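Architecture and fold: a report
The residues making up each chain are set out below.
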Amino acid sequence: MSETTGAPAAPILVERRGAVVRVVLNRPDRLNSFNVEMHRALRAAMEEIAADESVRAVLLTGAGRGFCAGQDLADRAVAPGAARPDLGASVDTWYNPLIRLIRTMPKPIVCAVNGVAAGAGANIALACDIVLAARSASFVQAFAKIGLVPDSGGTWVLPRLVGEARARALALTAEPVKAERAEAWGMIWKVVDDAELEGEAMALAERFAAAPTHGLALIKRALFVSSTNTLDTQLDLERDLQREAGATPDYAEGVAAFVEKRKPNFTGRKG
Ligand code: T3D
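Read on for an overview of the structure. Note that this is a predicted model, so its numbers are computed, not measured.

How each quantity is defined
- Residues numbered from 1 in each chain as written.
- Predicted model: local features only at pLDDT ≥ 70, side-chain atom pairs only at ≥ 80, totals over all residues.
- Heavy atoms only, no water.
- Near = heavy atom within 4 Å.
- Polar contact = N/O pair within 3.5 Å; in protein donor to acceptor, adjacent residues only side chain to side chain.
- Areas by Shrake-Rupley, 256 points an atom, 1.4 Å probe, with all protein chains shown as cover.
- Helix = DSSP H or I, 4+ residues; strand = E, 2+ residues; numbered from the N terminus.
- Nonpolar A, V, L, I, M, F, W, Y, C, P; charged D, E, K, R; others polar.
- Axes fitted to C-alpha atoms, helices over the stretch in contact; angles between N-to-C directions.
- Parallel < 35°, antiparallel > 145°, perpendicular 65-115°, else oblique.
- Left-handed = near helix turned anticlockwise from the far one by under 90°.
- Contact = heavy atoms within 4.5 Å.
- Buried < 20%, exposed > 50% of the residue type's maximum accessible area, 1.4 Å probe, protein only.
- Pairing = 2+ DSSP bridges.
- Core = buried A, V, L, I, M, F, W, Y, C linked by side-chain atoms within 4.5 Å.
- Salt bridge = Lys/Arg side-chain N within 4 Å of Asp/Glu carboxyl O.

Observations regarding the site of the ligand
By nearness alone, 23 residues border the ligand, and Gln71, Leu73, Arg76, Ser90 and Ala120 come closest of all. Within the side chain of Arg65, an N or O atom sits 2.9 Å from an oxygen atom of the ligand. Within the backbone of Ala120, an N or O atom sits 2.9 Å from an oxygen atom of the ligand. When the free accessible area of the ligand is taken as 1,000 Å², the share hidden by the protein chains comes to 65%. The leading source of residues in the shell around the ligand is helix H2 (residues 87-104), at three residues. Considering only residue class, the shell around the ligand consists of twelve nonpolar, five polar and six charged.

Following this line, the structure appears as structure tokens:
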């Protein structure tokens, strides 16, 4: 795992803490909005994390007062008469692969939303497995304000999290949702006091890092497809995944620890 040791210009910071990797979006003067350099760095880090079996949990957060304001709009200003950027190509090249990487990451991703999460920034947070937000944070489907459509999975995840009526209103009005309301609506897991966010999010990531990692990856896989599967298909999938989970050393260790009334020592290994 490569480390970035606080160079101020690095668009993301990647810090290893035991089996946890903490990833920080690091363009605070632009509220951590995405330019191509930040996309590239985040993609490379996430791919490396996905492939590294010694990493067992991820913590994603933002530097400064914001989590992420989506696309850097300064990179989208076009002089009159000049060619317009193909936003479909940008989504295809950057945002969609990132959401797929997050959703298929074979280990839990805890997102600590430390401030405003707007546009793609909101939907990247909502793609993570467990979202904690600072009490001062907010979520904004900012797209409609500039004539765009929620992307990064927003139109998929929002109705599933908050229901059709709220999803439609949030997408069409682009009104911000404060962290407490986001929790009350089931959009996120938990709101915590600003001063507690980092500690609580890291504690959760560390807990995951000591858990049966492959079992958690299988849980992610089952839940990801459940909303588009029939019950029959999902029952078959649960059977297959349970077969796989039951063959892991962590399952054997979990049962042994239970029977011996001791704390389990999970390795996270597949086999
Ligand atoms: O283009 C494609 O590739 C397609 C994909 C698109 C995905 C998207 O995400 S589209 C949506 C893009 N994002 C937005 O529309 C959000 C724009 N930002 C805002 O609406 C507001 O900044 C916030 C609601 C997020 C926060 O408001 P506030 O009042 O807390 O902060 P602020 O003063 O507006 O922003 C602070 C600074 O960050 C400011 O710079 P300055 O004046 O101090 O030099 C502001 O310009 C900058 N900033 C905030 N968001 C962006 C940004 N700079 C560039 N791009 C941004 N998205």
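Picking up after the structure, the text goes on.
Here's the deal with the packing of helix H4 (residues 154-162) against helix H5 (residues 164-173)
Where H4 meets H5, the axes come as close as 7 Å, and the angle between the chain directions of the two elements is 135°. Compared by their axis directions, H4 and H5 come out oblique. Both H4 and H5 take part in a crossing whose hand is right-handed. Between H4 and H5, the contacting residues are Leu158, Pro159 and Val162 on the first element and Glu164, Arg166, Ala167 and Leu170 on the second. Of the residues belonging to the contact of H4 with H5, the class tally is five nonpolar, no polar and two charged.

Notes on the environment of Leu101
Its location among the elements puts Leu101 in helix H2. A residue is classified by how much of its surface remains accessible, and Leu101, at 14% relative accessible area, is buried. Separated by 54 residues in the primary sequence, Leu101 and Glu47 have C-alpha atoms spaced 7.4 Å apart.

Here we look at the sheet that holds strand S9 (residues 177-178)
In space, the four strands of this open sheet follow the order S4-S6-S8-S9, with mixed pairing throughout. Only two strands of the sheet have a single neighbouring strand rather than two, namely strand S4 (66-68) and S9. Pairing analysis gives two bridges linking S4 to strand S6 (residues 116-118), with the strands arranged parallel. Residue pairing for S6: Gly66 is matched across the bridge by Val116. Against the sheet, helix H3 (residues 120-127) contacts S4, S6 and strand S8 (138-140), and its axis sits at roughly 105° relative to S6.

Focus on the nonpolar core
Counting 70 residues, the largest nonpolar core has Met46, Phe67, Val113, Ile124, Phe139 and Met187 as its most contacted members. For Met187, the residues in contact, after removing those within four places along its chain, are Leu126, Phe139, Leu158, Leu161, Val162, Leu170, Val177 and Ala182.

Overview of the pattern of salt bridges
With the rule as written, the count across this model stands at 16 salt bridges. Measuring nitrogen to oxygen at the nearest pair gives 3.1 Å for the salt bridge that ties Glu15 to Arg22. One salt bridge in this structure joins Asp52 and Arg16, with 3.6 Å as the shortest N-O distance. Taken together, the residues span a long stretch of sequence, with Asp52 in the loop between helix H1 (36-51) and strand S3 (57-62) and Arg16 in strand S1 (residues 12-17) at a distance of 36 residues. Take Asp52: its relative accessible area is 18%, and that puts it in the buried class. Among the ionic contacts, a cluster of salt bridges with common partners joins Glu15, Arg17, Arg22 and Glu198.

In short, the description is geometric, and any link to function would need to be established separately.
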